[in-house]
Amino acid sequence: MKLSARSLSKLKGVKPITMLTAYNCPVARSLEEAGIPVILVGDTVGMVEMGFESTRQVTIEHMEYHIGAVRRGAPDTHIIGDLPFGTDKDANTALVNARRLIAAGADSVKLEGPNVPAIQCLVQGGIPVVGHAGLLPQTASSFKQAGKTAPEAQQIMEGAKAIEGAGAFMVVLEHIPYSLAGRITQALSAPTIGIGAGPDCDGQVLVINDALGLGDYWPPFSKQYAYVSQTVLDVARAFSKEVESGEFPNNIIRMTGTHWK
């Protein structure tokens, strides 16, 4: 059964929340079958799937496309859609674009930073909002850990509180010191979802490509549960060898006894 924003909020202090990203239908289908309660269609798609150098090249049309694909694969899972860079520059613009993501299949939308006017506008418009504090990839100058100094930590704490105060039902905390994430988690009534933020958050999220070991670089705070890039390499080499030797497709014909026309 699909969890609502309210249902997810009530899990704070009750049950850790598991979240993974997905960008296409087959992966989303597998995540739903595995019982993953929340799928984030993140603008990370720009870097891990589209080859962009940052998430800033991702457009609202890209997000609509991928959200639609994920929804078709996971019809009964709560899907969060990322508002890409520049689509929440003011409250009205954020509302227009958030409605586009909801129409594409998202149940809630996520935006980066303490953009209080935009969050309030979306919530007042009936759109559940997930906040994002700590490292903010859309505007960060580097991907180094955020909040290491006392002033930075205080700014992130205040930003997280402002995000909750504006009406967000959940807050992602990215790449900040574990102790800071723990303090923010205690300070907020809304669940926190950590990515590189330690064990004291109310839940955890991983980029699916990182978890699969798909790609040639993974953040140091991620974990690889498989190494799919190596599998792709092995399959491609095996296929090439069989084509060059003439083994493929004759081996299929021998196995099935069928000549397809």
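Residues numbered from 1 in each chain as written. Predicted model: local features only at pLDDT ≥ 70, side-chain atom pairs only at ≥ 80, totals over all residues. Heavy atoms only, no water.

As recorded in an unreviewed UniProt entry, the chain goes by the name 3-methyl-2-oxobutanoate hydroxymethyltransferase, listed as coming from Marinobacter adhaerens. Listed under Function (unreviewed entry) in UniProt, the entry text for the chain is "Catalyzes the reversible reaction in which hydroxymethyl group from 5,10-methylenetetrahydrofolate is transferred onto alpha-ketoisovalerate to form ketopantoate." What UniProt states about the chain under its Sequence similarities (unreviewed entry) heading is, verbatim, "Belongs to the PanB family." (UniProt positions renumbered as here; feature names shortened; annotations may be inferred.)

Here the largest pocket is characterised by a volume of approximately 650 Å³. Around the largest pocket, the lining comprises 32 residues; the ones closest to its centre are T44, M47, V207, D210 and P219. Looking at the lining of the largest pocket, the elements with two or more residues in it are α3 (45-48), β6 (170-174), β8 (203-206) and α9 (208-212). Grouping the constituent residues of the lining of the largest pocket by class yields 17 nonpolar, eight polar and seven charged. If you go around the second largest pocket, you meet 21 residues; those closest to its centre are G194, Q204, V205, L206 and Y225. Elements represented by at least two residues in the lining of the second largest pocket include exactly β1 (17-21), β7 (192-195) and β8. (1 Å grid on protein atoms, 1.4 Å probe; cavity = no way out; pocket = protein on both sides within 12 Å on 5 of 7 lines; lining within 4 Å. Points joined across faces, edges and corners; volume = space filled by probe spheres on them. Helix = DSSP H or I, 4+ residues; strand = E, 2+ residues; numbered from the N terminus. Nonpolar A, V, L, I, M, F, W, Y, C, P; charged D, E, K, R; others polar.)

Taking strand neighbours around the barrel as the criterion, the eight strands line up as β1-β2-β3-β4-β5-β6-β7-β8 in a closed arrangement whose pairing is parallel. Strand-to-strand twist in this sheet, taken as the mean axis angle between neighbours without regard to direction, amounts to 25°. Here four bridges tie β1 to β8, and the two strands are oriented parallel to one another. Across the sheet, the residue bridging to T18 is Q204, located in β8. (Pairing = 2+ DSSP bridges. Axes fitted to C-alpha atoms, helices over the stretch in contact; angles between N-to-C directions.)

UniProt marks D43, T44, D82 and K110 with the feature "binding site: 3-methyl-2-oxobutanoate" (unreviewed entry), using the numbering shown here. Look at the named residues: they lie 68 residues apart in sequence, but the longest C-alpha span between them is just 12.5 Å, so in the fold they bunch up. Residues from the annotated list that form part of the lining of the largest pocket: D43, T44, D82 and K110. Structurally, D82 is set in strand β3 (residues 78-82). Of the residues examined, D82 reaches a relative accessible area of 3% and is grouped as buried. The contact partners of D82, leaving out residues within four places of it in the chain, are L40, V41, G42, D43, M63, L101 and K110. (Buried < 20%, exposed > 50% of the residue type's maximum accessible area, 1.4 Å probe, protein only. Contact = heavy atoms within 4.5 Å.)

In terms of burial, β3 is a largely internal element, five of the five residues being buried. In β3, alternate side chains face the same way, and those of H78, I80 and D82 on one face and I79 and G81 on the other are all buried. Here strand β2 (residues 38-41) pairs with β3 via four bridges, running parallel. Each bridged residue has a counterpart across the sheet, and for I39 the counterpart in β3 is I79. Across three bridges, β3 lies against strand β4 (residues 108-110) in parallel orientation. Bridging from a neighbouring strand, I80 pairs with S108 of β4. Note on the crossover from β3 through helix α5 (residues 91-104) to β4: the handedness is right-handed. (Right-handed = clockwise from strand over helix to strand, strands pointing away.)

With that settled, the discussion passes to α5. Given a rise of 1.5 Å per residue, 14 residues ought to cover 20 Å, and the 20 Å separating the end C-alpha atoms of α5 matches this to within 8%. Every buried residue of α5 is listed here: T93, A94, L95, N97, A98 and L101. Buried positions along α5 lie against α4 (60-73), β3, β4 and α6 (116-124). Sitting at the head of α5, D90 places a side-chain oxygen 3.2 Å from the backbone nitrogen of N92. Following α5 by one or two positions, G105 has its phi on the positive side, about 135°. (Expected span 1.5 Å × (residues − 1). Polar contact = N/O pair within 3.5 Å; in protein donor to acceptor, adjacent residues only side chain to side chain.)

Right, let's get into the nonpolar core. The biggest cluster of nonpolar side chains holds 53 residues, and the ones touching the most others in it are I39, L101, L122, L173, I176 and I184. With six residues, the top contributor of residues to this core is helix α7 (residues 150-166). Sequence-distant contacts of L122, that is, excluding residues within four places in its chain, are made with L83, A94, L95, A98, V109, I127 and V129. By size, the runner-up hydrophobic cluster in this structure holds 15 residues, among which are L11, V130, F169 and V205. (Core = buried A, V, L, I, M, F, W, Y, C linked by side-chain atoms within 4.5 Å.)

For the rest of this paragraph, the subject is the side chain of H78. In this fold, H78 is placed in strand β3. A relative accessible area of 2% means that H78 is categorised as buried. Of note is the side chain of H78, whose polar atom sits 2.8 Å from the backbone oxygen of L3. If near-sequence neighbours (up to four positions away) are discounted, H78 is found in contact with K2, L3, S4, A5, L8, P37, V38, I39, D107, S108 and F169.

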